[in-house]
Amino acid sequence: MKRNYHTHHYLCNHATGNTEEYVLEAIRNNFDILGMSDHAPNNRVGDYNVRMDESEFDIYLRDIEESQAKYGDKITILKGLEVEYFNDHEDYYKNLRKKVDYLIHGQHYISMTDSMNDLFSGFGLRTKEEILKYAEILTKAMESNYFDIMAHPDLYMCGYKNFDETAEKVAHLICQAAIDNDMVLEFNANGFRRGRANTPQGILQPYPRMEFWEIAKTYNVKTILNSDCHSPKILYDDVIKEAEEVYLKLGLNDIGILKLKHKQKGVI
Ligand SMILES: [Zn+2]
Ligand SMILES: [Zn+2]
């Protein structure tokens, strides 16, 4: 069963390819399921160089629907989005959930004050306080029950780099919250493209960090491998195959097919 639930789209302004181009690549590689999950519009963040404008949301949905109609007999195509978790956004999430099959939570920004005024990049967390705040935000996101998958939970290591006691604590907090809230954690293959840097633990890619996933394994937390591709030709290229090999070797609790939350009772 080959599937990818984390696929971008040209509308976010830093990816290429429309739905049809990703679908054709998925069919060529014998995929059974392709979930489109571009960065969701959010005019309260305003970073339109990395996400679609609200006026483009319907174009995105229609683009997916056209491929569903054209290729639905060959492959299951799902409508998804990748979204950050912010306080005071309840209506926003409820509205998005009505329009798509699933939401991926990807926390690319954090705020130390839970506001929209002092957001900074989740790729550049440096202090113990910042990575503990990251764990707190991820926990709140999981508790909200709006999300089906948590993208790259180990993204905090990108800036922090040293897998010290605090980094280990953050991993435990995230994995425990994933168990408590039945969340699927994503092993993000796109991290394998981000180069390697010096860390106290050696020359390593920013994420996935194996120390995190060894801890995840002890919790038997549900996991999934996603390509997080920003171009059709890298949906399943050699880098993804390398990541897949590492993922399989880890022996994590792979879910196979995602159970869509909106199809379960009691979930908005
Ligand atoms: Zn992106
Ligand atoms: Zn993504």
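Structure: above.
Here's what I pulled together on the structure shown here. Just so we're clear, the structure is a prediction, and the values are computed from it rather than from any experiment.

**Here we look at the packing of aromatic side chains**
Taken as a whole and judged by the stated rule, the model has 15 aromatic pairs. Note on phenylalanine 57 and tyrosine 60: the rings are 6.5 Å apart at their centroids and 20° apart in plane angle, and the pair reads as stacked. Residue phenylalanine 57 and its partner tyrosine 60 are both found in helix α2 (residues 57-71); the two are separated by three residues, about one turn of the helix. Residues phenylalanine 57 and tyrosine 60 agree in their burial class; the two are buried. An angle of 85° between the planes, with centres 6.2 Å apart, marks the rings of tyrosine 85 and phenylalanine 147 as edge-to-face. Separated by 62 residues along the polypeptide, tyrosine 85 in the loop between β3 (76-83) and α3 (90-99) and phenylalanine 147 in the loop between α4 (128-144) and β7 (149-150) bring together distant segments of the chain. Taken individually, tyrosine 85 and phenylalanine 147 each receive the classification buried, so the pair is uniform in this respect. A network of ring pairs unites the aromatic residues Tyr134, Tyr156, Phe187, Phe192, Phe212, Trp213 and Tyr247 as a single cluster.

**Focus on the coordination of the zinc ion (ligand 1)**
Protein-derived coordination of the zinc ion (ligand 1) comes from His14 (NE2), His39 (NE2) and His230 (NE2), at a distance range of 2.1 Å. Of note, the donors binding the zinc ion (ligand 1) are all from one chain and are spaced H-x24-H-x190-H. The distance between the zinc ion (ligand 1) and the zinc ion (ligand 2) is 4.5 Å. Of this pair, histidine 14 sits in the loop between β1 (3-4) and α1 (19-28) while histidine 39 sits in strand β2 (residues 33-39), and the two are 25 residues apart along the sequence. Note on histidine 14: relative accessible area 33%, which makes it partly exposed. Owing to a relative accessible area of 8%, histidine 39 belongs among the buried residues under this scheme.

Thresholds applied
Residues numbered from 1 in each chain as written. Chains lettered and ligands numbered in written order. Predicted model: local features only at pLDDT ≥ 70, side-chain atom pairs only at ≥ 80, totals over all residues. Heavy atoms only, no water. Phe/Tyr/Trp six-rings, centres within 6.5 Å; stacked < 30°, edge-to-face > 60°. Helix = DSSP H or I, 4+ residues; strand = E, 2+ residues; numbered from the N terminus. Buried < 20%, exposed > 50% of the residue type's maximum accessible area, 1.4 Å probe, protein only. Donors = N, O, S within 2.8 Å, 3.2 Å for Na, K, Ca; no water.

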